[in-house]
Every structure is written in structure tokens, then in C-alpha cells.
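Residues per chain, in single letters:
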Amino acid sequence: MNPTQPYAVPFNRPYMTGNELTYIAQAHALGNLAGDGPFTARCQQWLKTQTGSGQALLTHSCTAALEMAALLLDLRPGDEVIMPSYTFVSTANAFALRGATPVFVDIRRDTLNLDEMLVEQAITPKTRAIVVVHYAGVSCEMDTLLAIATAHGLKVVEDAAQGVLSRYKGRELGAVGDIGAYSFHETKNVISGEGGALLVNRDELAQQAEIIREKGTDRSRFFRGEVDKYTWQSIGSSFLPSELTAAFLWAQLEQAESLTRRRLALWDTYHASLVELENRGLIRRPVIPADCEHNGHMYYVLLAPDIDRGAVLQHLKSAGVHAVFHYVPLHSAPAGLQIGRAAAILPVTDALSAQLIRLPMWIGLTAEQQAYIVATLTEGVSIARK
Ligand SMILES: *Cc1c(COP(=O)(O)O)cnc(C)c1O
């Protein structure tokens, strides 16, 4: 094996559109390198137009956007926030930083998203918000979740890290709830190395969001000439990316539609090629509900319970294919046990997280490579039956 490229077929390969360095050179020539320059403005305008959100603010990560959401909702120690356990740590960590308690609810078997039917029974007098995670860029059942939130006076935050350019009933993910968070990490669909955005979908939160992002000051209003000096207004931090990052991101956003189409084509190829394994009862393929248009972010399979996942991954690895499992549930992780609380037992989370494999997914993957991955997976599941 070549140590710098140990896999013939890597799990991820960041895709560059070709314009990234041109735009970075423009930012360099302009000499405007800190945040909130012309590239940031362009990216934010694109996000607003694309999503219909009232406000889009670039951040240095989705983690930062989620931390901003927790500050914006003014969460405090004792408050509870409902969320899935099957998610990335930042979903919970951002709220735990404010002293709030993550309350973990089980996921649906079909989409692996928060099970909306279990949310109401997890609500207590301390509940303040529901954080939904659109796993693999497939939307949660938002109408039901929004109705529950309204009935109980809760805010809805969308961790749409994987959901850029996905839709629920025609609406862009991230712009459906009160606040949305995107990721432009190099493993996502649209990238800037590290990067993210906060979508603020309630006008009454917009001014405070700018303050939180600018170290707790009204510097954004000062730059627009709305105040004659800027001062410390509330707690905040530095959440904005530099113009170099925004310049890179602009090259990606310009081509976001075509990047999404190309990923969807790869996704469709996997999906068609894996019908037979599903028919034989060896795997289950992803389910896309009728109300959801996804973005091809991820292709995963759920192995039948009698198949040894470690052996399948090892088989793929020895054939040069880098496939990976995904989240270790938060409710049973050391920090989850200490800081969070499971609302009930989470049997679906425990079972499905242990049987899931993500297949290589990146623009540039060839039809031959996909056929090889499917053939290798097919061999793997046959020899890994317990
Ligand atoms: C990637 C991801 C994040 C974190 O995104 P960063 O930009 O790396 O901070 C958070 N939540 C989910 C669901 C993710 O997939």
C-alpha cells in the first residue's frame, strides 16, 4: 500500500471547481482579508436567494453556527434541548457549552432521522428547543415537528450540515425551522476546507445574530452606517471566516447545482446496483420519503443483523476500498452519559448505528469504481454472515 494513498478507492476526495485559486487571488489583490468583505457578501446573498431565508451569515464551521444558535436562543443551565443521539458531537456539544442538557430521542428506521412520534413524550417543563438533524441530506418530517414545537412554545434548530440544496416539500433545508446551520467542511457537498453558515429564519433574531457573530458588538450596524460607533452589546464570539475562505467558497457555490446533480447521479447508480443485495435480504438501502428531495450527500447501506460489519469493512479495505461506519451514539458516549440524558431507551439508534456502512462518495468516482465497490461489498456480505 502507498502510505500517502492507502486506498485505491478513497472514502472522500474533495472536489475543486477550478475557480478557487482565482478568487483567492482576487481577495489577495484586494487586500481585504478579514471577514465580511465582498466574497462573504456574495456568498451570503447567494445563500439568502437560494434558501429564501431572511438572513445568512457565514461562519467558520457548522459547529460555530450551532454554537451561535444556542447563544441566540439564550439557553442556560437547566434548559433541555431535544435531539437525536445518532448525530455528530457538535449537535449536542454546542448546546452543552451553554449548560443546557441534551435530551436524546430515538430515530426512525427508514431515514435514521429524529422520530417525530417520540418527541412529544420527551418534552418537560424545561424543554426549550428541538434540534433536528437531516441525516444524509434527507429531511426530517418537518411539518409534524414544527406543529409540536408550536404547540409547546419551542424553537426548532435545523442541523442541516449535510442538507445544502436538499428540500422538504419544496423548501430548502435550513430555512424550514427557526434557525439552520450548514457545513462547508471538506467532507460535505459544497466545501471551503472548514466553513459553515447560519440561517436565521425569524426577523426578530436577525440583529442579535449579527452581534453574537461580531464578538458581542454591533460592528455590523456600524459598518452599514446605522450607528456612529460600535460597542459591547452582549456575549458573543468571533464566528466569521476570513475572506480567503469565502473566496474559496464562492467558487463552490457558483457551481453548487451541478455539484449536487453529479452526486445524485452517483447515488442513483449505487441505489440501482444494490437492489439485488436488498432483495436477498442482506442489506437495506436508504429510503427517501416522498416529501424529500435529497442532495446525494451520502450513500449508506444497513447490513442485515446477522452480518459482521467489522468483517465487511475489513474485506473492503483489503480490496482497496475505503468504506466507513458512522456515528457512535451520543447517549452512551462518555460525555453523553455525563452531560446528556436519554429520554427513553433508544433501540433503533443502538441497532442501526451498529449495522451501517457508508460507501465512497465523491465527484470523479467512475462507473467502473462503483461497480467494483458493489461487487466487493457483495462478496463481503456473503463471507461475513455470522
Ligand atoms: C459535519 C457535521 C457537523 C459539523 O460540521 P463542521 O462544519 O465540521 O463544524 C455537524 N453536524 C452534522 C450532522 C454534520 O454532519
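Below, the structure is looked at part by part. (Residues numbered from 1 in each chain as written. Predicted model: local features only at pLDDT ≥ 70, side-chain atom pairs only at ≥ 80, totals over all residues. Heavy atoms only, no water.)

Observations concerning the side chain of H297
Locating H297 in the fold gives a position in the loop between β11 (292-293) and β12 (299-303). With relative accessibility at 8%, the residue H297 sits in the buried group. (Helix = DSSP H or I, 4+ residues; strand = E, 2+ residues; numbered from the N terminus. Buried < 20%, exposed > 50% of the residue type's maximum accessible area, 1.4 Å probe, protein only.)

A look at the pairing of strand β8 (residues 179-183)
Sheet faces and side chains relate simply in a regular strand, where the side chains alternate between the two faces. A large share of β8 lies buried, amounting to five of its five residues. Residues of β8 alternate between two faces, with I179, A181 and S183 on one and G180 and Y182 on the opposite face, all of them buried. Inspection of the sheet shows strand β5 (residues 155-159) paired to β8 by three bridges, in the parallel sense. For D159, the partnering residue across the bridge sits in β8 and is A181. The pairing of β8 with strand β9 (residues 196-200) spans five bridges and is antiparallel. From the neighbouring strand, A181 faces β9, where its bridge partner is L198. (Pairing = 2+ DSSP bridges.)

Regarding the sheet that holds strand β2 (residues 80-84)
With respect to topology, eight strands assemble into an open sheet ordered β1-β9-β8-β5-β4-β2-β3-β13, the strand pairing being mixed. Bordering the open sheet on either side are β1 (55-59) and β13 (341-342), each of which pairs with just one other strand. Against the sheet, helix α5 (residues 142-152) engages β4 (127-133) and β5, with an angle of about 170 degrees to β4. Here helix α6 (residues 203-213) sits on the sheet in contact with β1, β8 and β9, set at roughly 15 degrees to β1. (Contact = heavy atoms within 4.5 Å. Axes fitted to C-alpha atoms, helices over the stretch in contact; angles between N-to-C directions.)

Examining the packing of helix α2 (residues 38-51) against helix α8 (residues 243-253)
Where α2 meets α8, the axes come as close as 8 Å, and the angle between the chain directions of the two elements is 40 degrees. Accordingly, the angle class assigned to the pair α2 and α8 is oblique. By crossing handedness, the relation of α2 to α8 is classed as left-handed. Residue-level inspection shows P38, F39, T40, R42, C43 and W46 of α2 in contact with α8, the latter providing E243, A246, A247, L249, W250 and L253. Along the lines of polarity and charge, the residues of the contact of α2 with α8 split into nine nonpolar, one polar and two charged. (Parallel < 35°, antiparallel > 145°, perpendicular 65-115°, else oblique. Left-handed = near helix turned anticlockwise from the far one by under 90°. Nonpolar A, V, L, I, M, F, W, Y, C, P; charged D, E, K, R; others polar.)

Section: the site of the ligand
The ligand sits among 13 residues. The nearest are T63, D159, Q162, S183 and K188. Between the ligand and T63 there is a distance of 2.5 Å, counted from an oxygen atom to a side-chain nitrogen or oxygen. Between the ligand and the protein, one listed contact pairs an oxygen atom with a side-chain N or O atom of S183 at 2.7 Å. Residue composition of the shell around the ligand, by class: five nonpolar, six polar and two charged. (Near = heavy atom within 4 Å. Polar contact = N/O pair within 3.5 Å; in protein donor to acceptor, adjacent residues only side chain to side chain.)

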